Amino acid sequence: MGIGDPTSRPVRIQNTAPQREGREYTNRGFDIFCKFEDSNGSTVRVQLSSAGDAAYVWLFCVNPSLDDPAPHLDVEQAKIVRDALDTFIAEHG
């Protein structure tokens with residue numbers, strides 16, 4: 001089994017770092033730096049990636065009623081995303 005081998009399975013990493021008071025986490029223990037509803041009713045989330053080789057962050061935008069949701073942010077919502085990315089950079093940069 002190796003890279004490109006159809007029988008290989010992705011490694012499921014569990015975050016074992018201590019959790020911070022007042023922060024939300026995924027079911028596998030990864031930080032959710034922010035989560036809110038944008039002006040289109042989409043759920044926007046900035047979340048720590050489970051990639052084991054370096055620090056990465058996911059930017060999610062989910063809206064089942066839209067074919068291709070993209071964040072539609074006002075100034076305050078943009079500040080929330082900026083602050084979440086600043087926190088990620090400060091903690092993992």
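A short tour of the structure in this document, coming up. (Residues numbered from 1 in each chain as written. Predicted model: local features only at pLDDT ≥ 70, side-chain atom pairs only at ≥ 80, totals over all residues. Heavy atoms only, no water.)

## Brief notes about the pattern of salt bridges
Using the following cut-off: A pair is scored as a salt bridge if a Lys or Arg side-chain nitrogen falls within 4 Å of a carboxyl oxygen belonging to Asp or Glu. For the purposes of this entry, the term helix denotes a DSSP run of H or I that reaches at least four residues, the term strand denotes a run of E that reaches at least two, and both are numbered from the N terminus. For the exposure calls, accessible area comes from a 1.4 Å probe over protein chains only, and a residue counts as buried if that area is under 20% of its type's maximum, exposed if over 50%, partly exposed in between.
One pass over the full model with this rule turns up seven salt bridges. Across the salt bridge formed by Glu91 and Arg20, the nearest N and O atoms sit 3.5 Å from each other. Of this pair, Glu91 sits in helix α1 (residues 75-92) while Arg20 sits in the segment before β1 (24-25), and the two are 71 residues apart along the sequence. When its relative accessible area of 39% is taken as the criterion, Arg20 is described as partly exposed. The partner of Glu24 in a salt bridge is Lys35, and the shortest N-O contact between them spans 3.8 Å. On the criterion of sequence distance, the pair formed by Glu24 in strand β1 and Lys35 in strand β2 (residues 31-37) is long-range, its members being eleven residues apart. What makes Lys35 partly exposed here is its relative accessible area of 46%. If you follow the salt bridges from partner to partner, you end up with Arg20, Arg23, Asp31 and Glu91 in one network.

## Here's the deal with the sheet that holds β1
Stated formally: For two strands to be treated as a pair, DSSP must find no fewer than two bridges joining them. Any two residues whose heavy atoms approach within 4.5 Å at even a single point are treated as in contact. To obtain each axis, a line is fitted to C-alpha atoms, and for helices this fit is confined to the stretch in contact; angles are then taken between N-to-C directions over 0 to 180 degrees.
Strand order in the open sheet formed by four strands is β1-β2-β3-β4, with antiparallel pairing between adjacent strands. Of all the strands in the sheet, just β1 and β4 (57-62) have a single pairing partner and so form its edges. As defined by bridge partners, β2 adjoins strand β3 (residues 43-48) across five bridges and the pair is classed as antiparallel. Residue pairing in the sheet places Glu37 in a bridge with Thr43 of β3. Where α1 meets the sheet, it contacts β2, β3 and β4, and its direction lies at approximately 175 degrees from that of β2.

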